[in-house]
Structure formats: C-alpha cells, structure tokens
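Take a look at the letters that make up each chain.
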Amino acid sequence: MKNLQNLKTERETVATIRDSKVKELEILNKYLWDIDKKIQEIKDIEIFLNEVEKALENGWAGSTQEKNNFKDIIKEVRDGDAGACEMLRNVFKPNESFKKETGAFKNV
C-alpha cells in the first residue's frame, strides 16, 4: 500500500505543477494579446500619420509655417508623445475635408 500512497502523492504533485503551468500559459497568452493589440494601435497611428503627411504635401496646410508645425507634431507622435497624437486626432479626425481627401480614420 505504500506504493499506492507514493503514486497518489506523485499524482497530486504533478497536478499541482500542471495547474501552475496552465496559469502561466494564461498569463503569457494575455501578455501576447496585449502586445499584439499595441502593435496594431501603432500601425493604425502610422497609417494616420502617413495620411496627414500626404495631405500636408498636397497643400492641405494653409501656409509653410503651418505645414512645418504639423510636421514637428508628427515627429513628436513618432517619438512617443501621446498628447501630440491626441492633438492631431482632434484637429484632423473631425475635419470633413480631410476625411474626404484621405479616407483616413477608420481605425484611429
């Protein structure tokens, strides 16, 4: 009977290890999902920035100074400034003429 008890104890140990590995996998999967989501957000922002740059090159800005100001803000966004990104969204996203010209903003 000692052998039976040893097997039961071994089984409980293996089950405990398995359960902890399942939890680790769940955590890793959530982490991967979060990373994938962030990657997609960055891709969407880059699409938006490319559309803004294209519009600026096509004369959307009222002056060279305004164009340069927007280019500086775009650089700040690419450098990771979330506030600059939000400011660009607030300027361009609700603007009907920009939407018609570029077709941008489906995901941004």
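See the structure printed just above.
Residues numbered from 1 in each chain as written. Predicted model: local features only at pLDDT ≥ 70, side-chain atom pairs only at ≥ 80, totals over all residues. Heavy atoms only, no water.

**Student:** Can you break down a nonpolar patch on the surface residue by residue, with the values?
**Tutor:** On the surface, Tyr31, Leu32, Ile35 and Ile39 cluster together to form a nonpolar patch covering roughly 380 Å² of accessible area. Residue position: Ile39 is located in helix H1 (residues 2–57). (Patch = residues over 30% accessible without salt bridge, like charges linked within 9 Å, V, L, I, M, F, W, Y side chains within 5 Å. Areas by Shrake-Rupley, 256 points an atom, 1.4 Å probe, with all protein chains shown as cover. Salt bridge = Lys/Arg side-chain N within 4 Å of Asp/Glu carboxyl O. Helix = DSSP H or I, 4+ residues; strand = E, 2+ residues; numbered from the N terminus.)

**Student:** Help me get a handle on H1, residues and values and all.
**Tutor:** Here H1 spans 82 Å end to end across 56 residues, near enough to the 82 Å set by a 1.5 Å rise per residue. For H1, the set of buried residues is Ala15, Asp44, Phe48, Leu49, Glu51, Val52, Ala55 and Leu56. Once H1 ends, the next one or two residues include Gly59, with phi positive near 90°. (Expected span 1.5 Å × (residues − 1). Buried < 20%, exposed > 50% of the residue type's maximum accessible area, 1.4 Å probe, protein only.)

**Student:** If you had to explain the packing of H1 against helix H2 (residues 64–78) to someone new, which residues and values would you point to?
**Tutor:** H2 packs onto H1 with a crossing angle of 165° between their chain directions and a minimal axis gap of 11 Å. With respect to each other, H1 and H2 are oriented roughly antiparallel. Regarding H1 and H2, the two cross each other, and that crossing is left-handed. Note on element contacts: H2 touches H1 through Lys67, Phe70, Lys71, Ile74, Val77 and Arg78, opposite Ile45, Glu46, Leu49, Asn50, Val52, Glu53, Leu56 and Glu57. In the contact of H1 with H2, the residues fall into 7 nonpolar, 1 polar and 6 charged. (Axes fitted to C-alpha atoms, helices over the stretch in contact; angles between N-to-C directions. Parallel < 35°, antiparallel > 145°, perpendicular 65-115°, else oblique. Left-handed = near helix turned anticlockwise from the far one by under 90°. Contact = heavy atoms within 4.5 Å. Nonpolar A, V, L, I, M, F, W, Y, C, P; charged D, E, K, R; others polar.)

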